[in-house]
Protein chains: 4
Amino acid sequence: VSKERDRIYDTEEVARVGQMIRDFVPHNRALGIEVVRIRMTEVWTRLPWAPHLVGDPVRGILHGGVISTLTDATCGLAIMARLGRPSSIATLDLRIDYLKPAPPHAEVYAWASCFRVTKSVCFVRGGAVTVLPPEGSPPGLDDAIAAVAGTFARKSG
Amino acid sequence: VSKERDRIYDTEEVARVGQMIRDFVPHNRALGIEVVRIRMTEVWTRLPWAPHLVGDPVRGILHGGVISTLTDATCGLAIMARLGRPSSIATLDLRIDYLKPAPPHAEVYAWASCFRVTKSVCFVRGGAVTVLPPEGSPPGLDDAIAAVAGTFARKSG
Amino acid sequence: VSKERDRIYDTEEVARVGQMIRDFVPHNRALGIEVVRIRMTEVWTRLPWAPHLVGDPVRGILHGGVISTLTDATCGLAIMARLGRPSSIATLDLRIDYLKPAPPHAEVYAWASCFRVTKSVCFVRGGAVTVLPPEGSPPGLDDAIAAVAGTFARKSG
Amino acid sequence: VSKERDRIYDTEEVARVGQMIRDFVPHNRALGIEVVRIRMTEVWTRLPWAPHLVGDPVRGILHGGVISTLTDATCGLAIMARLGRPSSIATLDLRIDYLKPAPPHAEVYAWASCFRVTKSVCFVRGGAVTVLPPEGSPPGLDDAIAAVAGTFARKSG
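As the structure is a computational prediction, the values presented were derived from the model and not from experiment. (Residues numbered from 1 in each chain as written. Chains lettered and ligands numbered in written order. Predicted model: local features only at pLDDT ≥ 70, side-chain atom pairs only at ≥ 80, totals over all residues. Heavy atoms only, no water.)

1. Remarks on the interface of chain A and chain B
Inference 1: With 30 residues of chain A at the contact, the number on the chain B side is 30 residues.
Inference 2: Overall, the association of chain A and chain B removes approximately 2,200 Å² of surface from exposure, summing both partners, and the carbon and sulfur fraction of that is 58%.
Inference 3: Counting the surface chain A buries against chain B, the share from its top three residues, His-27, His-63 and Tyr-98 of chain A, is 23%.
Inference 4: Its salt-bridge partner being Arg-95 of chain A, residue Asp-93 of chain B comes within 3.4 Å of it at the nearest N-O pair.
Inference 5: Here chain A and chain B share 14 residue pairs in polar contact (both at pLDDT 80 or more) between them.
Inference 6: For the side of chain A that touches chain B, the secondary structure elements donating two or more residues are helix H2 (26-31), strand S3 (54-56), helix H3 (64-83) and strand S5 (89-98) of chain A.
Inference 7: The element contributing the most residues to the side of chain A that touches chain B is S5 of chain A, with eight residues.
Inference 8: Here the residues of the side of chain A that touches chain B sort into 15 nonpolar, nine polar and six charged.
Inference 9: Bridge analysis of S5 of chain A against strand S5 (residues 89-98) of chain B gives five bridges, and the strand direction is antiparallel. Bridge pairing in S5 of chain B links Arg-95 of chain A to Arg-95 of chain B. (Contact = heavy atoms within 4.5 Å. Buried area = accessible area lost by both parts, 1.4 Å probe. Salt bridge = Lys/Arg side-chain N within 4 Å of Asp/Glu carboxyl O. Polar contact = N/O pair within 3.5 Å; in protein donor to acceptor, adjacent residues only side chain to side chain. Helix = DSSP H or I, 4+ residues; strand = E, 2+ residues; numbered from the N terminus. Nonpolar A, V, L, I, M, F, W, Y, C, P; charged D, E, K, R; others polar. Pairing = 2+ DSSP bridges.)

Here it is, written out as structure tokens:
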């Protein structure tokens, strides 16, 4: 990890990363995942509500699996932000707690932080909310709809 | 749980449940989840490979989040099979281990078993493979691409 | 949850709770778990190093299972602090990530927060460190030796 | 993994491993963990009931953390059985589901299987029961008191 303690990406860089993950990963594009903020210690993404993402059609609530996919992708971005470069990683395991259902027809924001890196493994935490907190405020689980804990493998080479 | 120790659904019933979960849940339909086998103690589903489900475009490998969504849905079906009726349930938490990547352009099969039910919580285990094992053979993790452990809330009323 | 947003227990109350969990639970006593701080939103405990708690005798490092037991007990306390009263709870599931080994012969501090309560389930997060942070500073995972995520059942009656 | 598909340890070898893990690991000795069966694909251990292991003194039920420590140790043994030699491993993360409380004053048996090994990570599943099943019968979760899923790091060198 570089000397720079917490590099913050500017608007243009964030847009470029968002474009890249949709261009490169078809399923990110199919879901419509956007990148909102990137700093070395924390990444934020956004998932607009869409009819084909719904799990509960009576109330128009997003499918839990969509939230899981969003947070998984956000964890991957958090690792790259921490490492400071695109990296070959693979999710080893992910635990998601569904704290409460997303509100009907609501977009979702996810955050993730990679808080520990070893030679072969990265540890990540994150969550999902329905209102983007002001820049700089620490992400919390008080109003979160999901919480995530994951372990990722760093592939060498 | 009924006296019937392991009710096995016939082909027509399986097809009807498969139709129902795609008709009712838009995101199941968007992914293309099919139901393959249902018995009280074990449910099998299938996810055909499709371009918009890809996570690794270089090798044409399914997105991990898609596998997670498939297994989550399969766990829900396993609970209903165990309870013997459609039930209002919600995923509390789910852990998925990604054991190896799915092969390129490969369909995926998922299984789940609800092995314990309390008044308010159901415990489920499952996994995903790329070859459907013969009917009656116990599902194992030896060639699995993912393993899943989840806890679900039974909603009363 | 009461109107009081974050009740802080005074020194005497903390000592009394610590005495109670050792008097009442033989295995807490066998490990030597102490209670350090209690507030509605966060609980801290301490485990003094002792020879019979060691997992790696070459380096004198505590057994991971001991850290797990400590954090489990701390999660239980965090739920009671949040609910504002002794409550009948049971661990449904617990995930622990071992971020790095405890240092040789080091005592360990654990914290936990119960950040969401439903009618039948409580969600808790926590961790373990080797240096107690100053009062009021938010617990983080940067120097943590373990991180914990758990779901607990509230037993009615 | 050797050509030998499922090496089974004889009584003397099992006793020697049991002696070793108690001699070498103080906390295993403090708990009283015994080794019951070892084969390449599955390991069984036993924890005799003892007053200082109790979590619920009213009913004399073992502390959940003790079950967790037992299963963690059993997972480590399962990895060594699979690799065919003592190995330097470290628990990365462990999820335990508490399915039902152990009966009062009951001993506990734990099993674990390491079902996948990569260059740097081992995946393990296991559980705990109160009655040792007949040799050769596959371990199941139907009457289990706990289920475990863990990821372990293989340390090189």
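Let us keep going from here.
2. A word on the pattern of salt bridges
Inference 1: Enumeration according to the criterion identifies 44 salt bridges over all chains in this entry.
Inference 2: Residue Glu-135 of chain A pairs with Arg-37 of chain A through a salt bridge whose shortest N-O separation is 3.5 Å. Placement of Glu-135 of chain A in the loop between strand S7 (121-129) and strand S8 (146-154) and of Arg-37 of chain A in strand S1 (residues 34-39) is noted, with a sequence separation of 98 residues between them.
Inference 3: Through salt bridges with shared partners, a single ionic network connects Asp-93 and Arg-125 of chain A, Arg-95 and Asp-97 of chain B, Arg-95 and Asp-97 of chain C together with Asp-93 and Arg-125 of chain D.

3. Describing the sheet that holds strand S5 (residues 89-98) of chain C
Inference 1: If you walk across this open sheet you meet the twelve strands as S1(C)-S2(C)-S6(C)-S7(C)-S8(C)-S5(C)-S5(D)-S8(D)-S7(D)-S6(D)-S2(D)-S1(D), and the pairing is antiparallel. Either end of the sheet is taken by a strand with one partner, and the two such strands are strand S1 (34-39) of chain C together with strand S1 (34-39) of chain D. The average undirected angle you get between the axes of adjacent strands in this sheet is 20°.
Inference 2: Running over the sheet, helix H3 (residues 64-83) of chain C touches S1, strand S2 (42-47), S5, strand S6 (108-117), strand S7 (121-129) and strand S8 (146-154) of chain C together with strand S5 (89-98) of chain D and is turned about 45° from S6 of chain C. (Axes fitted to C-alpha atoms, helices over the stretch in contact; angles between N-to-C directions.)

4. Overview of the relation of the copies chain A and chain B
Inference 1: Overlaying chain A with chain B gives an RMSD of 0.0 Å, the required rotation being 180° about an axis along which the chain moves by 0.0 Å. Expressed as a symmetry operation, the mapping of one chain copy onto the other fits a two-fold axis. Ranked by how close their C-alpha atoms come to the rotation axis, the residues of chain A are headed by Arg-95 of chain A, at 2.1 Å.
Inference 2: Of the residues that chain A buries at the interface, 100% are likewise interface residues in chain B, meaning the two copies contact each other through the same surface. (Least-squares fit on C-alpha atoms with pLDDT ≥ 70 in both.)

5. A few points about the relation of the copies chain C and chain D
Inference 1: Least-squares fitting of chain C to chain D yields an RMSD of 0.0 Å, with the superposition described by an axial translation of 0.0 Å and a rotation of 180°.
Inference 2: The residues that chain C uses at the interface reappear at the interface of chain D in 100% of cases, marking a shared surface.

6. Quick notes on a nonpolar patch on the surface
Inference 1: A surface patch of nonpolar side chains, about 320 Å² in accessible area, is lined by Met-20 and Phe-24 of chain A together with Val-58 of chain B.
Inference 2: You can see Phe-24 of chain A is positioned in helix H1 (residues 11-24).
Inference 3: A relative accessible area of 45% means that Phe-24 of chain A is categorised as partly exposed. (Patch = residues over 30% accessible without salt bridge, like charges linked within 9 Å, V, L, I, M, F, W, Y side chains within 5 Å. Areas by Shrake-Rupley, 256 points an atom, 1.4 Å probe, with all protein chains shown as cover. Buried < 20%, exposed > 50% of the residue type's maximum accessible area, 1.4 Å probe, protein only.)

7. Some points on the state of the cysteines
Residue and element names in this part refer to chain D.
Inference 1: Summed over the entire model, instances satisfying the criterion amount to zero disulfides over all chains.
Inference 2: With no disulfide of its own, Cys-75 has Cys-114 as its nearest cysteine by sulfur position, at a separation of 9.1 Å.
Inference 3: Cys-122 supplies the cysteine sulfur nearest to Cys-114, a cysteine that is in no disulfide, at a spacing of 4.7 Å. (Disulfide = S-S within 2.5 Å.)

8. Points about the packing of aromatic side chains
Inference 1: This model, assessed by the stated rule, comprises four aromatic pairs over all chains.
Inference 2: Ring geometry for Trp-44 of chain A versus Trp-111 of chain A: centroids 5.7 Å apart, planes at 40°, classification tilted. Separated by 67 residues along the polypeptide, Trp-44 of chain A in strand S2 (residues 42-47) and Trp-111 of chain A in strand S6 (residues 108-117) bring together distant segments of the chain.
Inference 3: Accessibility expressed as a relative area gives 7% for Trp-111 of chain A, which makes it buried.
Inference 4: Positioned above the aromatic ring of Tyr-9 of chain B, the side-chain terminus of Arg-7 of chain B is 4.1 Å from the ring centre. (Phe/Tyr/Trp six-rings, centres within 6.5 Å; stacked < 30°, edge-to-face > 60°. Lys NZ or Arg CZ within 6 Å of the ring centre and 35° of its normal.)

9. A few points about empty space enclosed by the protein
The probe, sized like a water molecule, is rolled over the atoms to show the empty space still left.
Inference 1: Summed over all chains, the structure comprises one cavity of 30 Å³ or more.
Inference 2: The volume enclosed by the largest cavity comes to roughly 30 Å³.
Inference 3: Considering the residues around the largest cavity, the lining is formed by Ser-68, Leu-94, Arg-95 and Ile-96 of chain A together with Ser-68, Leu-94, Arg-95 and Ile-96 of chain B.
Inference 4: For the lining of the largest cavity, the elements supplying multiple residues, two or more each, are S5 of chain A together with S5 of chain B.
Inference 5: Each residue belonging to the lining of the largest cavity can be placed in one class, and the counts come to four nonpolar, two polar and two charged. (1 Å grid on protein atoms, 1.4 Å probe; cavity = no way out; pocket = protein on both sides within 12 Å on 5 of 7 lines; lining within 4 Å. Points joined across faces, edges and corners; volume = space filled by probe spheres on them.)

10. What to know about the sheet that holds S7 of chain A
Within a sheet, neighbouring strands are paired by backbone hydrogen bonds and run either parallel or antiparallel to one another.
Inference 1: Strand order across the open sheet formed by twelve strands is S1(A)-S2(A)-S6(A)-S7(A)-S8(A)-S5(A)-S5(B)-S8(B)-S7(B)-S6(B)-S2(B)-S1(B), with antiparallel pairing between neighbours. Sheet topology places S1 of chain A together with strand S1 (34-39) of chain B at the edges, where each strand pairs with a single neighbour. Here the strands of the sheet are splayed against their neighbours by 20° on average, with no regard to which way each runs.
Inference 2: In this structure, strand S6 (residues 108-117) of chain B lies alongside strand S7 (residues 121-129) of chain B, joined through eight bridges in antiparallel fashion. The partner of Cys-114 of chain B across the bridge, within S7 of chain B, is Val-124 of chain B.

11. Quick notes on the packing of H3 of chain A against helix H3 (residues 64-83) of chain B
Inference 1: Interaxial distance between H3 of chain A and H3 of chain B falls to 9 Å at its minimum, and their mutual angle equals 150°. One element, H3 of chain A, and the other, H3 of chain B, form an angle in the roughly antiparallel class. Both H3 of chain A and H3 of chain B take part in a crossing whose hand is right-handed. Where H3 of chain A abuts H3 of chain B, its residues Gly-65, Val-66, Ser-68, Thr-69 and Asp-72 of chain A lie against Gly-65, Val-66, Ser-68, Thr-69 and Asp-72 of chain B.
Inference 2: Of the residues assigned to the contact of H3 of chain A with H3 of chain B, the class counts are two nonpolar, six polar and two charged. (Parallel < 35°, antiparallel > 145°, perpendicular 65-115°, else oblique. Left-handed = near helix turned anticlockwise from the far one by under 90°.)

12. Examining the pairing of strand S2 (residues 42-47) of chain D
All names here are of chain D.
Inference 1: Counting buried positions along S2 gives five out of six residues, so the element sits mostly inside the fold.
Inference 2: Direction of pairing for S1 relative to S2: antiparallel, over a ladder of five bridges. By the bridge assignment for S2, Arg-37 is matched with Trp-44.
Inference 3: Adjacent in sequence and paired antiparallel, S1 and S2 are bridged by two residues.
Inference 4: With five bridges joining them, S2 and strand S6 (residues 108-117) adopt antiparallel strand pairing. Directly across from Arg-46, in S6, lies its bridge partner Tyr-109.

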